[in-house]
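Each chain, letter by letter, is given below.
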Amino acid sequence: MRSRGLVVALALLLAIGATAAVFLYVNGVREDAKTGGNLVSVMVATQDIQANAELNPLLDAGAFTTAQVTPETLVNGAVTSEDQLRDQTTTFPILANEQIPLSRLSSGESPQGGPLGISPGHVGATVRVDGPPGVGGHLTRGDNIVVYVTFSGVQVFKSFKELVDRATSSNPSSSPASSQQALPAMTVTLIPTVTVLDVENPVESADGKSSEGQVTLTLDLLPEDSANLIYAAEQGNLWFGLLPPGEDGVQLPAAALPIDKVLGKKS
């Protein structure tokens, strides 16, 4: 019986020792967190900040504070002092309490393609259409779409030379009417495939519908497609079609529709 009591006492002592070790370890971790330990001090915003916001007024208003993060969670190029924020403008939105990379500030190195991610050799162009032509407000950034245009009552010149002569003439109104011809109303594929860089969709109504407002699209365009899009927006009516993920649109043969004449291209 005495030996059994010794065993129980020894087990009790071991349990107390293990509990004490755990307690001391937890207290040590807590103390490290309080005193800084291996943590890194970074700057964070106390509120959400939009892109293109000047930071000096926000700094003066106390909209930034410091936070402690571990080296493992430290963001590459994170801002660590107010001096790095002074005289800067945001190029991307900044969320409250998140680390602020220098790349989101005007002094930082912009990512390839800029904030919108424009492809090399392309340009970003923005157009606005009503809800139905804009796929009813169902477009999102990164979607591939096809661009259609409807022309009606367009007057074109019978030859590219006549178009150039009129454009360079000191008295364009003297060009004879017989040198022009009216094209029938037509809807054509203007751009078979283009990526949406940014979109502002209509605000949903109380019944969850969003096709009644306007859709504003910024597209990743080749320069010649950008010029054609602007002309089409000025002279015709634009419509967009949403393509399935990973699929490209189809361009009708040039001979099928006189789009080249409408856009003033040399045949």
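Above this note sits the structure.
What comes next concerns the included structure. (Residues numbered from 1 in each chain as written. Predicted model: local features only at pLDDT ≥ 70, side-chain atom pairs only at ≥ 80, totals over all residues. Heavy atoms only, no water.)

**A few points about the overall build of the protein**
Let me state the cut-off plainly: Runs of H or I in DSSP of at least four residues are treated as helices and runs of E of at least two as strands, each being numbered from the N terminus. Remark: exposure states derive from per-residue accessible area (1.4 Å probe, protein chains only) relative to the maximum for the residue type, with buried under 20%, exposed over 50%, and partly exposed in between. Here, two residues are considered to be in contact whenever any of their heavy atoms come within 4.5 Å of each other. Here the open area of atoms and residues is found with the Shrake-Rupley method and a 1.4 Å probe, where only the protein chains shown may cover a residue.
Across its full length, the protein holds 5 helices and 9 strands. Listing each helix as α and each strand as β along the protein from the N terminus yields α-β-α-β-β-β-β-α-β-β-β-α-β-α. Taking all 267 residues of the protein together, the buried fraction comes to 29%. In the protein, the proportion of contacts linking residues at least 24 apart, taken out of those at least 6 apart, comes to 72%. As presented, the protein carries roughly 16600 Å² of accessible surface, and 55% of it is formed by carbon and sulfur atoms.

**Here's the deal with unusual backbone geometry**
Within the chain, N52 stands out as a residue other than glycine whose phi angle is a positive 65°. Positive phi, normally seen in glycine, also occurs at D87, with a value near 65°. When you line up the elements, D87 lands in the loop between β2 (64-69) and β3 (123-130).

**Details of the pattern of salt bridges**
Filter applied, for reference: A carboxyl oxygen of Asp or Glu within 4 Å of a side-chain nitrogen of Lys or Arg is what we treat as a salt bridge.
Inspection of the entire model under this criterion finds 2 salt bridges. Among the ionic pairs, R86 bridges to D60, the shortest N-O distance being 3.2 Å. Taken together, the residues span a long stretch of sequence, with R86 in the loop between β2 and β3 and D60 in helix α2 (residues 55-60) at a distance of 26 residues. We classify D60 as exposed; its relative accessible area is 60%. As a salt-bridge pair, R104 and E98 come within 2.6 Å of each other at their nearest N and O atoms. For R104, a relative accessible area of 22% gives the class partly exposed.

**Observations regarding the pairing of strand β7 (residues 186-200)**
Looking down a regular strand, the side chains alternate between one sheet face and the other. Going by this rule: A pair of strands is treated as paired once DSSP finds two or more bridges between them.
In this structure, strand β4 (residues 144-151) lies alongside β7, joined through 7 bridges in antiparallel fashion. The residue of β7 that forms the bridge with Y148 is T189. Here β7 runs beside strand β8 (residues 214-221); their pairing, made up of 5 bridges, is antiparallel. Residue E200 lies in a different strand from β8, and its bridge partner there is T216.

**Some points on helix α4 (residues 223-235)**
Put simply, the rule is: Every helix has an expected span of 1.5 Å times one less than the residues it contains.
Taking 1.5 Å of rise per residue, 13 residues should cover 18 Å, and α4 covers 18 Å from first to last C-alpha, within 8% of that figure. Buried residues along α4 sit in contact with β3, β4, β7, β8 and β9 (237-242).

**Observations concerning the sheet that holds β9**
Worth spelling out the cut-off: Working convention: axes come from line fits to C-alpha atoms, limited for helices to the stretch in contact. Angles between N-to-C directions cover 0 to 180 degrees.
Spatial ordering of the open sheet is given by β3-β8-β7-β4-β9, a layout of 5 strands whose pairing is antiparallel. Lying at the two open borders of the sheet, with one neighbouring strand each, are β3 and β9. The sheet shows a mean angle of 45° between the axes of neighbouring strands, taken without regard to direction.

**What to know about the side chain of Q88**
As for its position among the elements, Q88 is in the loop between β2 and β3. Residue Q88 is classed as buried on the basis of its relative accessible area of 14%. Setting aside residues no more than four positions away along its own chain, Q88 makes contact with A53, E54, L55, N56, L105, S106 and S107.

**Points about the side chain of D143**
Basically, it comes down to this: When charges are counted, Lys and Arg are positive and Asp and Glu negative, with His and the chain ends excluded.
Along the chain, D143 falls in the loop between β3 and β4. Buried within the structure, D143 lacks any salt-bridge partner; R141 is the closest side chain of opposite charge, at an N-O distance of 11 Å. Excluding residues that lie within four positions of it along the chain, D143 makes contacts with H138, V194, T195, V196 and L242.

**Regarding the nonpolar core**
Operational definition: Definition used in this section: a nonpolar core is a set of buried Ala, Val, Leu, Ile, Met, Phe, Trp, Tyr and Cys residues joined via side-chain atoms within 4.5 Å.
In this structure, V147, L217, L219, L229, L238 and F240 are the most contacted members of the largest nonpolar core, which totals 23 residues. Of all the secondary-structure elements, those providing two or more residues to this core are β3, β4, β7, β8, α4 and β9. Ranked by residue count, the leading element in this core is β7, at 7 residues. Every residue in contact with L229, bar those within four places of it in the chain, is listed here: V127, V147, L190, I191, L219, L221 and L238. Core analysis: the next-biggest nonpolar cluster, separate from the first, contains 14 residues, A53, L55, F64 and V79 among them.

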